[in-house]
Amino acid sequence: MEKIIGLIDAPFTPFRANGDVNLEPIAAYGAMLKKNGLQGVFINGSSGEGYMLTTDERKALAEEWVKQAPKGFKVIVHVGSCCLRESVALARHAAEIGAWGIGAMAPPFPHIGRIEELVKYCEQIAAAAPNLPFYYYHIPAFNGAFLPMLDLLKAVDGRIPNFAGIKYTYESLYEYNQCRLYANGKFDMLHGQDETILPSLAQGGAQGGIGGTTNYNGRELVAIIDAWKNGDVEAARRHQNFAQEVINVICHYRGNIVGGKRIMKLMGFDLGPNRVPFQNMTDEEEARMKAELDAIDFFNKCNQF
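The shown structure was predicted, so the numbers you read here are calculated from the model rather than taken from an experiment.

Considerations on the pairing of strand β7 (residues 188-191)
Neither face of β7 is open: one carries Asp188 and Leu190, the other Met189 and His191, and all of them are buried. Here strand β6 (residues 163-168) runs beside β7; their pairing, made up of four bridges, is parallel. Bridge assignment links Lys167 to a residue of β7, and that residue is Leu190. You can see the chain leave β6, run along helix α7 (residues 173-181) and come back into β7, and the turn it takes is right-handed.

Structure (structure tokens):
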């Protein structure tokens, strides 16, 4: 099964001022990401407020991303849901429209607390699109599924034929590396934390990742990988440290989903508000965030349109 090389973006969902999904920016969105070195998108996930979209909205977004994706751009559709039947339907839909792959995080409700429960959840979703690679999205801070991922790989090995790997969005670089080493690197371990790309490279095997700050800071994040490949460790450190500075700023403004989406507006690409219950930034907060970004010279380093 093909492994992803490079960084995949987790895009925001564009909304109109009234809260309706806005499909119009997607073509330009995809072109911008490709221009800045991204290899594809993982849509309808946490950055895209996927759990706050209706099934029809999720399908419409998937159809538009597949339709508008630049040549060679991978479109992976997050199909996780609190309703397994909905996940199965979304997985089938992703296969029908020609998506490159699918993924799912554990549902926030009901809480999954055992590996076998998680395997059964993944098994039914993956079986609905047997010809697409399936990625488990490990983000326990969102759903409380603090389960050992090495045990998950052992449990799915030979049981879920199209289980491609894990989008690993958690702090344990030790566990990440152990999963990467399992069965001689059988599974695709996509690094999911933009703040620690360089350490994952230094462990010797990270090839791909999925990020959220890649929406606006993709050039710098891609530069980490490029510098590492060229043997320029000092440059890789500079790019990684800058990425952390950007993350420090968004942490002052409710993180990537809220603060990061507003950065897109400051860059001239307004993707609209966040959905309730997210608390949208005020104009005063926006001005303060812009000042913090100016102080680190962000707008001369961010993604270009």
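Past the structure itself, the notes keep going.
Description of the side chain of Ser81
Structurally, the position occupied by Ser81 is in the loop between β3 (74-78) and α3 (84-97). Accessibility expressed as a relative area gives 4% for Ser81, which makes it buried. Within the structure, Ser81 has its side chain in polar contact with the backbone nitrogen of Cys83 (distance 3.0 Å). Beyond its immediate chain neighbours, meaning those up to four positions away, Ser81 contacts Tyr51, Arg58, Glu86, Ser87, Pro107 and Tyr121.

A few points about the UniProt feature "active site" (unreviewed entry) in the protein
With numbering aligned to this structure, UniProt lists the feature "active site" (unreviewed entry) at Tyr137 and Lys167. Across 31 residues, the annotated set stays spatially compact, with a maximum C-alpha separation of 4.7 Å. Within the fold, Tyr137 resides in strand β5 (residues 134-138). Given the relative accessible area of 2%, Tyr137 is considered buried. If near-sequence neighbours (up to four positions away) are discounted, Tyr137 is found in contact with Phe42, Ser46, His78, Ala104, Met105, Ala106, Lys167 and Thr169. Summarising the element assignment, Lys167 is placed in strand β6. Apart from the residues lying within four places of it in its own chain, the contact partners of Lys167 are Phe42, Tyr136, Tyr137, His138, Leu190 and Ile210.

Some remarks on α3
Counted at 1.5 Å a residue, the expected span for α3 with its 14 residues is 20 Å, and the 20 Å between its end C-alpha atoms agrees. Taken residue by residue, α3 has Ser87, Val88, Leu90, Ala91, His93 and Ala94 as its buried positions. Residues of α3 that are buried sit in contact with α2 (55-68), β3, β4 (101-105) and α4 (115-127). Of the residues flanking the end of α3, it is Gly98, one or two places downstream, whose phi is positive at about 90 degrees.

What about the environment of Leu84?
With respect to the helices and strands, the residue Leu84 is situated in helix α3. Here Leu84 falls in the partly exposed class, since its relative accessible area comes to 25%. A sequence separation of 111 residues divides Leu84 from Glu195, and the C-alpha atoms of the two residues are 32 Å apart. When sequence neighbours within four positions are dropped, the list of residues in contact with Leu84 reads Tyr121, Gln124 and Ile125.

About the thresholds
- Residues numbered from 1 in each chain as written.
- Predicted model: local features only at pLDDT ≥ 70, side-chain atom pairs only at ≥ 80, totals over all residues.
- Heavy atoms only, no water.
- Buried < 20%, exposed > 50% of the residue type's maximum accessible area, 1.4 Å probe, protein only.
- Helix = DSSP H or I, 4+ residues; strand = E, 2+ residues; numbered from the N terminus.
- Pairing = 2+ DSSP bridges.
- Right-handed = clockwise from strand over helix to strand, strands pointing away.
- Polar contact = N/O pair within 3.5 Å; in protein donor to acceptor, adjacent residues only side chain to side chain.
- Contact = heavy atoms within 4.5 Å.
- UniProt positions renumbered as here; feature names shortened; annotations may be inferred.
- Expected span 1.5 Å × (residues − 1).

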